[in-house]
There are 2 protein chains.
Amino acid sequence: MESLRVLPGVGPKTAQRMAMHLLERDRDGGRRLAAVLDQALEEVGYCRRCRTLTEEEICSICSSGRRDDSLLCVVESPADQLAIEEAGGYRGRYFVLHGHLSPLDGIGPEDIGLEQLEARVAEGGVVEVILATNPTVEGEATAHYIAAQLTERYGVSLSRLAYGMPMGGELEYVDGGTLSRAFNGRLPFRGD
Amino acid sequence: MESLRVLPGVGPKTAQRMAMHLLERDRDGGRRLAAVLDQALEEVGYCRRCRTLTEEEICSICSSGRRDDSLLCVVESPADQLAIEEAGGYRGRYFVLHGHLSPLDGIGPEDIGLEQLEARVAEGGVVEVILATNPTVEGEATAHYIAAQLTERYGVSLSRLAYGMPMGGELEYVDGGTLSRAFNGRLPFRGD
């Protein structure tokens, strides 16, 4: 039970329920889970190119010949990368920070691989860096830091995800900051 | 109790609690509520110019000399107008539809005041119409209808609120449609 509590969102009660279930009802499932965990922890490492999680040296997106080398999307986590892939439409490459700048927690540029990112851009070939860090205070600060680091020296263009109304949202229930941004960022109406 | 159930979000249990509370603990409050309700229902009508709720013939925003006549923001409800006012920053005028087109429910252009809107634009002076209907299917359809109605004849420019990431949101938890829109609508990064 103690060990199950390393899982996020699992407290003492849930851990007990899980342990009892595995021991009383599904010992085979438990054994499979243990084996898969072992294997995953052994084999899943970081892509040497984009730092995402992968079982290979170089992940499938980095090694694909069908992605656009001129676009590089910087995200905070592999989960963010997955979300963008699932949303579809993006055909460029990625770079995963595994976090954001957070001086108070002692997380500086070297901890989120910014040297490696700079080296990647210095290689050439990248035309646009899409700063897809989260629209939170830390994500914004990280985007600003990267922008300052890259623009002066490498002349790549930098872009940021659009802020605005979430799809299907209602004006009445959206926070003031988002509404204000959506208003200021309004775009010519196109009939598409 | 029956009567209290006209309030949105009030079911039988809540109605009973409210009724008991007013009768047993706060008869004065109940009397004040009845009086204020009576007065509000008597006195609050629609602004003749923008159709929002007001106690005057013409609401305070329409009659203010400090708003910009060249901007007209079209919203679905007085609550949306309030949200935009509270977010701050917008200094133009409004037009309130009181709903959206919904042919299945028998709500057509005349029910949401589109003739009056057209007349308002025909007066001249409006340079940009901001279509701030909700980013829902019905809101979009209504925006398209209005756009078609106004562009051809009056040469006003039309704009739509920006779609994208809500402030403070996290990529990982945002729906695919919003993420996809935020990606496609990405903007050059500015250090502000």
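Every value quoted in this text rests on a predicted model; they were computed, and no experiment measured them.

1. Describing the overall build of chain A
- Within chain A one finds 7 helices and 7 strands.
- For chain A, the N- to C-terminal ordering of α and β elements is α-α-β-β-α-β-α-β-α-β-α-β-α-β.
- Dimensions of chain A, computed from C-alpha atoms along their principal axes, come out at roughly 60 × 45 × 40 Å.
- Taking all 192 residues of chain A together, 42% fall into the buried category.

2. Section: the UniProt feature "zinc finger region: C4-type" (unreviewed entry) in chain A
- Per the UniProt record, "zinc finger region: C4-type" (unreviewed entry) is found at residues 47-62 of chain A.
- Split by type, residues 47-62 of chain A is 19% helix and 12% strand. Its first and last C-alpha atoms lie 8 Å apart.

3. Notes on the sheet that holds strand β7 (residues 187-188) of chain A
- In space, the 5 strands of this open sheet follow the order β7(A)-β6(B)-β5(B)-β3(B)-β4(B), with mixed pairing throughout. Each end of this open sheet is capped by a strand with a single partner; those strands are β7 of chain A together with β4 (92-96) of chain B.
- Where β7 of chain A meets strand β6 (residues 157-160) of chain B, 2 bridges bridge the pair, whose relative direction is antiparallel. Among the inter-strand pairings, proline 188 of chain A is bridged to a residue of β6 of chain B, identified as serine 159 of chain B.
- Packing of helix α5 (residues 114-122) of chain B onto the sheet brings it into contact with β3 (68-75), β4 and β5 (128-131) of chain B, and relative to β4 of chain B it is tilted by some 155°.
- This element, helix α6 (residues 137-154) of chain B, spans β3, β5 and β6 of chain B of the sheet and lies at about 170° to β6 of chain B.

4. Points about the relation of the copies chain A and chain B
- Note on the copies: chain A fits chain B at an RMSD of 0.1 Å, the axial shift is 0.0 Å, and the rotation between them is 180°. Taken together, these values place the two copies in the relation of a two-fold axis. If distances are taken from each C-alpha of chain A to the rotation axis, the shortest is found for glycine 164 of chain A, at 2.1 Å.
- When the interface residues of chain A are mapped onto chain B, 98% of them again lie at the interface, so the same face is used by both copies.

5. A closer look at the pairing of strand β6 (residues 157-160) of chain A
Residues and elements named next belong to chain A.
- Relative to β6, strand β5 (residues 128-131) runs parallel, the two sharing 4 bridges. Bridged to glutamate 128 within β6 is serine 157.
- Read from β5 through helix α6 (residues 137-154) to β6, the crossover connection turns out right-handed.

6. Quick word on the UniProt feature "domain: Toprim" (unreviewed entry) in chain A
- Residues annotated in UniProt with the feature "domain: Toprim" (unreviewed entry) correspond here to residues 70-166 of chain A.
- In the segment residues 70-166 of chain A, helix accounts for 38% and strand for 20%; the C-alpha atoms at its two ends are 28 Å apart.

7. Thoughts on the domain arrangement of chain A
- Assigned domains within chain A: domain 1 (3-43) and domain 2 (67-160).
- Look at where the C-alpha atoms of domain 1 of chain A and domain 2 of chain A centre, and you get two points 35 Å apart.

8. Observations concerning the interface of chain A and chain B
- Taken together, the 53 residues of chain A in the interface contact 52 residues of chain B.
- At the boundary of chain A with chain B, total buried surface from both sides reaches about 4300 Å², with 68% on carbon and sulfur atoms.
- At the junction of chain A with chain B, the criterion picks out 2 salt bridges.
- Close ionic contact of glutamate 128 of chain A with arginine 186 of chain B constitutes a salt bridge, the shortest N to O distance being 2.6 Å.
- Seen at the junction of chain A and chain B, the total is 20 residue pairs in polar contact (both at pLDDT 80 or more).
- Ranked by residues supplied to the side of chain A that touches chain B, first place goes to helix α7 (residues 176-184) of chain A with 8 residues.
- Class assignment for the residues of the side of chain A that touches chain B results in 28 nonpolar, 15 polar and 10 charged.

9. What to know about the sheet that holds strand β4 (residues 92-96) of chain A
- Taken in spatial order, the 5 strands make up an open sheet running β4(A)-β3(A)-β5(A)-β6(A)-β7(B), and their pairing is mixed. Because the sheet does not close on itself, it has two edges, and the strands there are β4 of chain A together with β7 (187-188) of chain B.
- Together, β3 (68-75), β4 and β5 of chain A form the strand contacts of helix α5 (residues 114-122) of chain A, whose direction differs from that of β4 of chain A by roughly 155°.

10. A closer look at the packing of aromatic side chains
- Counted under the stated rule, the structure contains 4 aromatic pairs over all chains.
- Here the aromatic rings of tyrosine 90 of chain B and tyrosine 94 of chain B are separated by 5.2 Å at their centres, their planes lie at 70°, and the arrangement is edge-to-face.
- Among the residues examined, tyrosine 94 of chain B registers a relative accessible area of 0% and is labelled buried.
- Taken together, Tyr90 and Tyr94 of chain A together with Phe183 of chain B form an aromatic cluster joined through their ring pairs.
- The positively charged end of arginine 181 of chain A is found above the aromatic ring belonging to tyrosine 163 of chain A, 4.0 Å away from the centroid.

11. Examining the pattern of salt bridges
All names here are of chain A.
- This structure, assessed with the given rule, holds 16 salt bridges over all chains.
- Arginine 48 is paired through a salt bridge with glutamate 57; the nearest N and O atoms lie 3.0 Å apart.
- The partner of arginine 160 in a salt bridge is glutamate 140, and the shortest N-O contact between them spans 3.1 Å. Separated by 20 residues along the polypeptide, arginine 160 in strand β6 and glutamate 140 in helix α6 bring together distant segments of the chain. Taken as a pair, arginine 160 and glutamate 140 share a single burial class, namely buried.

Conventions adopted
- Residues numbered from 1 in each chain as written.
- Chains lettered and ligands numbered in written order.
- Predicted model: local features only at pLDDT ≥ 70, side-chain atom pairs only at ≥ 80, totals over all residues.
- Heavy atoms only, no water.
- Helix = DSSP H or I, 4+ residues; strand = E, 2+ residues; numbered from the N terminus.
- Buried < 20%, exposed > 50% of the residue type's maximum accessible area, 1.4 Å probe, protein only.
- UniProt positions renumbered as here; feature names shortened; annotations may be inferred.
- Pairing = 2+ DSSP bridges.
- Contact = heavy atoms within 4.5 Å.
- Axes fitted to C-alpha atoms, helices over the stretch in contact; angles between N-to-C directions.
- Least-squares fit on C-alpha atoms with pLDDT ≥ 70 in both.
- Right-handed = clockwise from strand over helix to strand, strands pointing away.
- Domains from an automatic or database assignment.
- Buried area = accessible area lost by both parts, 1.4 Å probe.
- Salt bridge = Lys/Arg side-chain N within 4 Å of Asp/Glu carboxyl O.
- Polar contact = N/O pair within 3.5 Å; in protein donor to acceptor, adjacent residues only side chain to side chain.
- Nonpolar A, V, L, I, M, F, W, Y, C, P; charged D, E, K, R; others polar.
- Phe/Tyr/Trp six-rings, centres within 6.5 Å; stacked < 30°, edge-to-face > 60°.
- Lys NZ or Arg CZ within 6 Å of the ring centre and 35° of its normal.

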